[in-house]
Amino acid sequence: MAERTEQRLEDRVPELQQLERVGLFTHKEIKAVLRKAAALEYKIQRRALRKEDFIAYIQYEINLLELIKKRRARIGYSFKKEEIEHSILQRVHSLFNRAIGKWKDDVQLWLSHVAFCKQWNSKYQLSKVFSSMLAIHSNKPELWIMAAKWEMETQLSSESARRLFLRALRFHPECSKLYQEYFRMELMHAEKQRREKKTFEQAKMDLGLFSYSQEILNGEMARIIYRDAAKKIKGVQFHLAVLSIAKLFDFTQDLQKEILESLQTQYADDPLTWDYMARRELELGPLPSTGLITKQSKVSEMTQREERCCAVFEEAVRAVPTEDMWKCYITFCLERYNRKSNSEELKQKRLERTLGVFNKAHESNLLQEALYKQWLQLLLECQLFEKATEVAEAVTKRFSQSVEMWQMRLQVLIQLKSEDVVQCFEEAVKHMKAKGALPLWTLWVEWSEGTNNKEDTEALYQRSLRATTPVESVTMKEKYLDWTYRNGGYKKVRRVFASLCENRPFSVDFFRKMIQIEKEQESCKMLRLREYYERALREFGSTGSDLWLDYIKEELSHPQGKPENCGSIHWRAMKMLQGDLVEDFISKYTLLQTGHL
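By the naming in an unreviewed UniProt entry, the protein goes by UTP6 protein and is assigned to Centropus bengalensis. Listed in UniProt under the heading Subcellular location (unreviewed entry), the comment for the protein reads: "Nucleus, Nucleolus". On record in UniProt, under Sequence similarities (unreviewed entry), the comment for the protein is "Belongs to the UTP6 family."

### A closer look at the packing of aromatic side chains
As enumerated under the stated definition, the model contains 27 aromatic pairs in all. With a centroid separation of 5.6 Å and 35 degrees between ring planes, the pair formed by Tyr461 and Trp483 is classed as tilted. Residue Tyr461 is located in helix 23 (residues 454-467), and its partner Trp483 is located in helix 24 (residues 470-500); the two are separated by 22 residues in the primary sequence. Just as Tyr461 is buried, Trp483 falls in that class too. Ring pairs connect the aromatic residues Phe497, Phe506, Phe510, Phe511, Tyr532 and Phe540, which therefore count as one cluster. Stacked on the ring of Trp120, the Lys or Arg Lys69 has its end atom at 5.7 Å from the ring centre. One Lys or Arg, Arg71, reaches over the ring of Phe25 and ends 4.8 Å from the middle of that ring.

### Regarding helix 29 (residues 580-593)
Helical geometry note: an α-helix holds 3.6 residues per turn, so side chains three or four residues apart project in the same direction. Relative to the 20 Å expected for 14 residues at 1.5 Å per residue, helix 29 spans 20 Å between its end C-alpha atoms, a close match to the ideal helical length. Along helix 29, the residues that are buried comprise Val582, Phe585, Tyr589 and Leu592. Each buried residue of helix 29 lies within a common arc of 85 degrees when the element is viewed along its axis, so the set occupies one face. Residues Asp580 and Glu583 are exposed on helix 29 and point more than 90 degrees away from its buried face. On the buried face of helix 29, the contacting elements are helix 27 (545-557) and helix 28 (566-576). Positive backbone phi, approximately 80 degrees, marks Gly595, located one or two places after helix 29.

### Observations concerning helix 28
Turning to helix 28, its buried residues number three or more, namely Cys566, Ile569 and Ala573. Summarising the axial view, the buried residues of helix 28 lie within an arc of 60 degrees, below the 170-degree limit, and thus occupy one face. Looking at helix 28, the residues exposed on the side facing more than 90 degrees away from the buried face are Trp571 and Lys575. Check the buried side of helix 28 and you find it contacts helix 27 and helix 29.

### Let's talk about the domain arrangement of the protein
We note that the domain assignment places domain 1 (1-103) and domain 2 (526-596) within the protein. For domain 1 versus domain 2, the separation of C-alpha centres amounts to 50 Å.

### Remarks on empty space enclosed by the protein
The final tally for this structure, using the stated rule, is 1 cavity of 30 Å³ or more. Looking at the largest cavity, its volume works out to about 50 Å³. Forming the walls of the largest cavity are Ala148, Lys149, Met152, Glu153, Phe165, Glu181, Arg184, Met185 and Met188. At the level of elements, helix 7 (141-153) and helix 9 (176-202) are the ones that each hand at least two residues to the lining of the largest cavity. By residue class, the composition of the lining of the largest cavity is 5 nonpolar, no polar and 4 charged.

### Focus: the environment of Asp275
When you line up the elements, Asp275 lands in helix 14 (residues 271-283). Judged by relative accessible area, which is 13%, Asp275 ranks as buried. For the pair Asp275 and Arg572, spaced 297 residues apart in sequence, the C-alpha separation works out to 66 Å. In contact with Asp275, other than residues within four places in its own chain, are Phe313, Met325 and Cys328.

### Overview of the environment of Asn342
Among the secondary structure elements, Asn342 is positioned in the loop between helix 16 (323-338) and helix 17 (344-363). With 43 residues separating them along the chain, Asn342 and Val299 place their C-alpha atoms 9.5 Å apart.

Cut-off values and rules
Residues numbered from 1 in each chain as written. Predicted model: local features only at pLDDT ≥ 70, side-chain atom pairs only at ≥ 80, totals over all residues. Heavy atoms only, no water. UniProt positions renumbered as here; feature names shortened; annotations may be inferred. Phe/Tyr/Trp six-rings, centres within 6.5 Å; stacked < 30°, edge-to-face > 60°. Helix = DSSP H or I, 4+ residues; strand = E, 2+ residues; numbered from the N terminus. Buried < 20%, exposed > 50% of the residue type's maximum accessible area, 1.4 Å probe, protein only. Lys NZ or Arg CZ within 6 Å of the ring centre and 35° of its normal. Expected span 1.5 Å × (residues − 1). Arc of directions from axis to C-beta. Contact = heavy atoms within 4.5 Å. Domains from an automatic or database assignment. 1 Å grid on protein atoms, 1.4 Å probe; cavity = no way out; pocket = protein on both sides within 12 Å on 5 of 7 lines; lining within 4 Å. Points joined across faces, edges and corners; volume = space filled by probe spheres on them. Nonpolar A, V, L, I, M, F, W, Y, C, P; charged D, E, K, R; others polar.

This is the structure we're talking about:
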């Protein structure tokens, strides 16, 4: 092992000598590079190999290459690259190959090698990397796509890219993304050939010297791929994806028409088909105009386009009366409403249209729960408070078991300072029972804090503790403790803390809050801090290594603390803590003893 390492270090000497000879590195820097390389080399020669050591070595070599590149630029020296950079590049490739040979399943390692090859233009090496990677990771379509794109875009070889896609489809015959990218590649190839042909025609060259297939020029290869894929891949998304790709090329009108007809025939009842057909109206050209184009004419044209879209959507919700169809319609209306416009007339029309569509979907009982929130926000934004109240009430009738819907209704009433807030809270907690009602109780007590007197708020806190599940009551205990201290002072919070301690469960934060309150007092008593820590450790001593450490720190730093207690606290912690927490506690305790914590 030592001989091999020494040999590898000796192999570096010529390149290092060249670096020093041409003035890119000093003698001192060369020695430093050699020392670092020796340390890294020995690490990758051990019996128990670690991936991190290879990565560190590779990164060091890449950093060295970057430094050489910068120094060359600085002094304007561009010679001896074969003797210097080439040697380092070969070493990096060798390191990658050794690491990948050991950890073949690590895709990120392969991708790092690919990125390195691309960065340093190592085309021959990259071809080999792709070949080896795909042999091992043939189950990953994205790697096939990456390799094919490189062949097409960098190597300018559509034939090699096509072969890769065909091989990939043998492994993944129903992969939508593979078909999409293959489809795109054939259209790019056709476009490239069309450009070449046009250039030759403009130069009046004899086209007989070249073989341009009219079928390929017209995108027939892409049509074949689409038809083959359509037999295997079901769903609107694929058709829409290839249609959006085809629209990027100006010679695919017939192909687009075929895809669109297939879409309308096979998926006439799918909301996404209707959504596409409606939005397509926005992209259609303007109606013939005889006058000058003015601001008003632009607004009028946009209004007409949007109305054509809405006409298609209206037909859609009649043909496919589902929640998803209404969602597509409403999403379109909201998108148009949220678009910036300098025309107040257009803004108003968009608003009226959006509110109207929300209302129709609601009346049809086909408005999704999530969309009610957006409707209410829009109504409040437009100061349509009466309608907002009406909608909020209706939504809780329809989704009576939804906490979020009750929260929305309550927030509307609170915002409007309605007299029905308390009644609505009572109705909400009655419907929700105990489980899942925590957000409602939290909202209720927060509202009460700012509205009611202290006695009513305290009564509400106590009621919430009885009404919520034991797990959810933990949050209410924390909030009650915090509120009591802010509004009742130290003595009151101690009484509340003592009464809350009678009923489990608790949280660490519940005890930490009481500890913090005690520490804020002018006459902070260590006796009481011990009481709170002891209570907390009875509940969380097996999992709270930080609690034990804080207890020890308190004994060491508090004027009334007893440092002699630290030993027994440490001993108890070691007995109670579980698993890895013991090691964590020991390391932190050591830092505490040395004054580093």
